[in-house]
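Chain residues, written in single-letter form:
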Amino acid sequence: MNEDDIQKIFFVECEESLEAAEMGLDECKAGTHDGETINAIFRAVHSIKGGAGAFGHEAMQAYTHCFENLLGDIREDVVELNDDLVNLLLLALDCLRDHVEAARNAGTKPDDAQLMSQLEAARSGNTQPSVDQKAVQSGSAQTAVGNAADGLDDLDSLLDELTAEPPSPEPPSEPIDSESDGTTIEPSHWRVHIRPHSGGMSNGSEPLLWLRELTEMGGQCETCLTSDIPQLHELDVEEGYLGWTFRMPGSVSEDEVADIFDFAGDDVSISFGDDAEVPAAQIANAEPEPDTTQEAAPASNQPPTTQTETNDQNSKSEDPAKSASPKPKAAASPSSVAASKKPAAGSQSVRIDLSKLDALIDGVGELVIAQAMLTQRLANENCEHIEELAMLDSLVRDVQEHAMAFRAQPISAVFGRVPRLLRELAGNTGKHVKLEVTGETTELDKTVIERLSEPMTHLIRNAVDHGIEPVEERQASGKDPEGTLTLAAEQKAGRIIIQISDDGRGINRDKLRDKALSNGLISEDTQLSDEEIYQLVFSPGLSTAQEVSNISGRGVGMDVVKQNVKDLGGRITIDSTPGVGTTFTLALPLTLAISDGMIVQVGDQSLVIPLAHVIESLRPNEGDLKGMGTNRKMLNVRGQFLPVIPLGAMTGADNYEHDPHKGVLVIVDSEGFGQAALMVDAISDQRQFVIKSLDAHYRTVDSVAGATILGNGQVALIVDVDYLIQSSSTANAVAAVA
């Protein structure tokens, strides 16, 4: 794996850390946070800082260091967390996201100077010594660290300063029992011993940064071990020859020190306690020493002390009330910083390049087609191996379901970006909007999620700019000054239903119709239903905004929304009530690749009806059909009358069956347009089909959602059920008005 591959993993982990931090800050804003929430935010920012330093993203590293300082003060209860501070942290997180994006795309880093000043100013309530004061108080060791960071390259001078005689260390304090109530007072100081190994330099780590962070936490360098430094001509700059002992204040816990070394892994050893020593060096070119740990290992059942491993059992057994400032062990075995959160025995996940998953899905699609062809051929030859065919069908389905599960992701990946968008809109419009989310764990295909981000952004921007009223207008109408935006997602009949609702002024039906008239989109005598008028919102160049802003008002964007949703094989509907609000409903397929369908025969055509829409199929009796108008029929299904749609006429097939009593009626359900009965000649089969985009290979065709290849090699069109029912409903409405 080369450096570029490692950087890609780093940026993926950055996204995960940013999401974790934003979730934590959202909890802080809602007032549902606890100490662990702050710790999680701190760890997320700290992880990004460690990777930024390892890959040379200096601007990001400097910014996250400033961000982390404030989080550290909040974690230590030095700075009180309030609403204003949470808002500042959210802005800081947005800027950090911009830093990550700039580093990923080699772009220009964001201007963070003012925000860094605000972060530093927010620490003004810190009663502890500032970083500069600590540097002065900690003496020559800290001076050496600062000089080394400035690029000092004289080895003798550096060693002189690193090994300068430190101030006389105070004797270790032992716990003292209080005479009044018998409680134990923690020692004022404890010691930590650090030894970087060769990997610490070759893998991009920077020991000087570790030492600087220890000093900023109040640590004081007592000794620097230099006995392993070879002659100058034998020196390898990627080896670790130095070791340090730091005296830490009792207010700092071992876990906090361990967090500094999260990215170090096995490249550094660390031990805690006054009686412990600096771990032995692991020099790659050094002669191996006799192993003296083999005899002791069975007795203690512990790994050698030079190995880096955290004593999780001790930390778990401590009293939670003392976890913020735990008592250091008097004689702790060396522990690994990297293992402070000990992983499971085996990895539970693996990162796979998306292109490999796409290739797998394509292969599974071809497998489905080949299996259908094999079944068709064997069926034509009256093959008796029905059990084997059924087993093959079951196995192919299992492979397909597992392959699709690899690409499934929760929709929270899209919903999680909305809080930042609302914060930006609040700054531009002055409208503060509360976000309510349900169903964020609903899963759908990663490709759908990626292509869903843009249309959702347009809808949310328009909801805030057009839908939600200004504060004065809301108060005058008796509404809460703060608007509400609701995002909801659920899986329904093989489709994902996403709703974006606001509690704003709603869509003015008459104003929208007049605007469409003035733009020449409709004529004066055009009869439209409410749904059709609302659909005019998606017409290119149509906007009802009174003013053009940098958010909306040019009529650009909503037509793109509809096209993007249609490209995904979905449909978008609008429901609006003046003075109450507007709801946009998106119905999307779970996946863009493979689905289940009912193959029907209509005249000379084989068509596919997506099984997600099918409720039942039946052959009507004489009394089940009623006439409406001159050529419309309604089907009575257990007291409910449904329109009968001759699929042959709607799709232009030849020689299709005109008599419903001789054909088959397939009852289907749509999203937002109710149910209907599709009249077909016969039902041929029910099986999985691979969806092929008609737009990419031909052009967009109304009433057709795509195409597929059947087992006999014939191309079959996939019926767009929603469009057929909507068209039928519109025709009925126009006929009734006429």
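Bear in mind the structure is a predicted one, so any value in this text is a computation, not a measurement. (Residues numbered from 1 in each chain as written. Predicted model: local features only at pLDDT ≥ 70, side-chain atom pairs only at ≥ 80, totals over all residues. Heavy atoms only, no water.)

### So, the overall build of the protein
Next up, step 1: Along the backbone of the protein there are 25 helices and 24 strands.
Next up, step 2: Evaluated residue by residue, the protein yields a buried proportion of 42% over its 738 residues.
Next up, step 3: In the protein, 72% of the contacts between residues at least 6 apart in sequence involve partners at least 24 apart.
Next up, step 4: In the structure as shown, the protein presents an accessible area of about 38,000 Å², 49% of it carried by carbon and sulfur atoms. (Helix = DSSP H or I, 4+ residues; strand = E, 2+ residues; numbered from the N terminus. Buried < 20%, exposed > 50% of the residue type's maximum accessible area, 1.4 Å probe, protein only. Contact = heavy atoms within 4.5 Å. Areas by Shrake-Rupley, 256 points an atom, 1.4 Å probe, with all protein chains shown as cover.)

### Description of the pairing of strand E11 (residues 495-502)
Next up, step 1: In terms of burial, E11 is a largely internal element, seven of the eight residues being buried.
Next up, step 2: Bridge count for strand E10 (residues 483-492) against E11 is eight bridges, and the pairing is antiparallel. Each residue of the ladder has a partner; that of Leu-487, found in E11, is Ile-500.
Next up, step 3: Pairing geometry for E11 and strand E13 (residues 581-589), over eight bridges, is antiparallel. Bridge assignment links Ile-500 to a residue of E13, and that residue is Phe-584. (Pairing = 2+ DSSP bridges.)

### With respect to the pattern of salt bridges
Where charged atoms of side chains with opposite charge meet at close range, the side chains can pair.
Next up, step 1: Summed over the entire model, instances satisfying the criterion amount to 26 salt bridges.
Next up, step 2: Note that Glu-222 and Arg-191 form a salt bridge whose closest N and O atoms lie 2.8 Å from each other. Placement of the pair is Glu-222 in strand E4 (residues 220-225) and Arg-191 in strand E3 (residues 189-196), with a sequence separation of 31 residues.
Next up, step 3: Judged by its relative accessible area of 13%, Glu-222 falls in the buried class.
Next up, step 4: With a relative accessible area of 9%, Arg-191 lands in the buried category.
Next up, step 5: Salt-bridge contacts for Glu-222 lead to Arg-247; the nearest nitrogen and oxygen are separated by 3.1 Å. Here the residue Glu-222 occupies a position in strand E4, and Arg-247 occupies one in strand E5 (residues 243-249), the gap between them amounting to 25 residues. Across the pair, exposure class does not vary: Glu-222 and Arg-247 are buried alike.
Next up, step 6: The network of salt bridges with shared partners includes Glu-15, Glu-22, Asp-94, Arg-97, Asp-98, Glu-101, Arg-104, Arg-420, Arg-423 and Glu-424. (Salt bridge = Lys/Arg side-chain N within 4 Å of Asp/Glu carboxyl O.)

### Description of the sheet that holds E4
Next up, step 1: Overall, antiparallel pairing links the four strands, which are arranged E4-E5-E3-E6 in an open sheet. Looking at the sheet topology across the chains shown, the edges are occupied by E4 and strand E6 (268-272). With strand direction ignored, the average angle separating the axes of adjacent strands in the sheet is 20 degrees.
Next up, step 2: The sheet contact formed by E3 and E5 spans six bridges and is antiparallel. Looking at E5, one finds that Val-192 is bridged to Phe-246. (Axes fitted to C-alpha atoms, helices over the stretch in contact; angles between N-to-C directions.)

### Things to note about the side chain of Ser-576
Next up, step 1: In this fold, Ser-576 is placed in strand E12 (residues 571-577).
Next up, step 2: Polar side-chain contacts of Ser-576 include one of 3.0 Å to the side chain of Thr-582.
Next up, step 3: Leaving out residues up to four positions away in the same chain, Ser-576 has contacts with Gly-506, Ile-507, Tyr-534, Gly-581 and Thr-582. (Polar contact = N/O pair within 3.5 Å; in protein donor to acceptor, adjacent residues only side chain to side chain.)

### Notes on the confidence of the model for the protein
Regions with low pLDDT should not have their predicted coordinates read in detail.
Next up, step 1: Of all residues in the protein, 72% attain a pLDDT of 70 or more, and the chain-wide mean is 74.
Next up, step 2: The secondary-structure element of the protein with the lowest mean pLDDT is helix H6 (residues 131-137), recorded at 37, while strand E8 (residues 433-438) shows the highest, at 91.
Next up, step 3: Across residues 126-186 the pLDDT falls below 50, and counting only partners more than four positions away or on other chains, this stretch makes 73 contacts in the model.
Next up, step 4: Overall, residues 733-738 carries pLDDT values under 50, and its contacts beyond four positions in sequence, including any with other chains, amount to two contacts. (pLDDT = per-residue confidence, 0-100.)

### So, the nonpolar core
Next up, step 1: Of all hydrophobic cores here, the largest spans 43 residues; its most connected members are Ile-460 and Ile-498.
Next up, step 2: Judged by nonpolar contacts, the second largest core, of 36 residues, contains Leu-25, Leu-71, Leu-88 and Cys-95. (Core = buried A, V, L, I, M, F, W, Y, C linked by side-chain atoms within 4.5 Å.)

### Observations concerning the packing of aromatic side chains
Next up, step 1: In the structure shown here, the tally under the stated rule is five aromatic pairs.
Next up, step 2: With 5.2 Å between their ring centres and 50 degrees between their planes, Phe-10 and Phe-11 make a pair best called tilted. Residue Phe-10 shares its accessibility class with Phe-11, and that shared class is buried.
Next up, step 3: On the basis of an interplanar angle of 55 degrees and a centroid distance of 6.3 Å, the ring pair of Tyr-63 and Phe-67 is categorised as tilted. Remark: Phe-67 and Tyr-63 occur in helix H3 (residues 58-75); sequence separation between them is four residues, near one turn of the helix.
Next up, step 4: Through successive ring pairs, a cluster of aromatic residues spans Phe-10, Phe-11 and Phe-55. (Phe/Tyr/Trp six-rings, centres within 6.5 Å; stacked < 30°, edge-to-face > 60°.)

### Quick notes on the packing of H3 against helix H4 (residues 83-104)
Next up, step 1: Where H3 meets H4, the closest approach of the two axes is 10 Å, and the angle between their N-to-C directions is 155 degrees. By the angle class used here, H3 and H4 are roughly antiparallel. For the pair H3 and H4, the sense of crossing is left-handed. Touching Ala-59, Met-60, Tyr-63, Thr-64, Phe-67, Leu-70, Leu-71 and Ile-74 of H3 are Leu-85, Leu-89, Ala-92, Leu-93, Cys-95, Leu-96, His-99, Val-100 and Ala-103, all from H4. (Parallel < 35°, antiparallel > 145°, perpendicular 65-115°, else oblique. Left-handed = near helix turned anticlockwise from the far one by under 90°.)

### Regarding helix H22 (residues 558-567)
Next up, step 1: Along H22, the residues that are buried comprise Met-558, Val-561, Asn-564 and Val-565. End-on view of H22: buried residues confined to an arc of 115 degrees, all on one side of the axis.
Next up, step 2: Contacts made by the buried residues of H22 are with helix H18 (446-467), E12 and E13. (Arc of directions from axis to C-beta.)

### Observations regarding the environment of Leu-214
Next up, step 1: Mapped onto the elements of the fold, Leu-214 is located in helix H10 (residues 207-216).
Next up, step 2: Linking Leu-214 and Glu-256, residues 42 residues apart in sequence, is a C-alpha distance of 9.8 Å.
Next up, step 3: Setting aside residues no more than four positions away along its own chain, Leu-214 makes contact with Ile-194, Gly-219, Phe-246, Met-248, Val-257 and Ile-260.

### Digging into the sheet that holds strand E15 (residues 605-610)
Backbone hydrogen bonds are what pair the strands of a sheet, in a parallel or an antiparallel way.
Next up, step 1: Taking strand neighbours across the sheet as the criterion, the five strands line up as E22-E14-E15-E24-E23 in an open arrangement whose pairing is mixed. Each of the sheet's edge strands pairs with one partner strand only, and the pair in question is strand E22 (682-690) and strand E23 (704-709). Across the sheet, the mean angle from the axis of one strand to that of its neighbour is 35 degrees, orientation sign disregarded.
Next up, step 2: Along the sheet face, helix H15 (residues 386-407) touches strand E14 (594-602) and E22 and points at about 45 degrees away from the line of E22.

### Some details on a nonpolar patch on the surface
Next up, step 1: Taken together, the side chains of Met-373, Ile-709 and Val-715 define a hydrophobic patch exposed on the protein surface, amounting to about 230 Å² of accessible area.
Next up, step 2: Of note, Val-715 is situated in strand E24 (residues 715-719).
Next up, step 3: Take Val-715: its relative accessible area is 54%, and that puts it in the exposed class. (Patch = residues over 30% accessible without salt bridge, like charges linked within 9 Å, V, L, I, M, F, W, Y side chains within 5 Å.)

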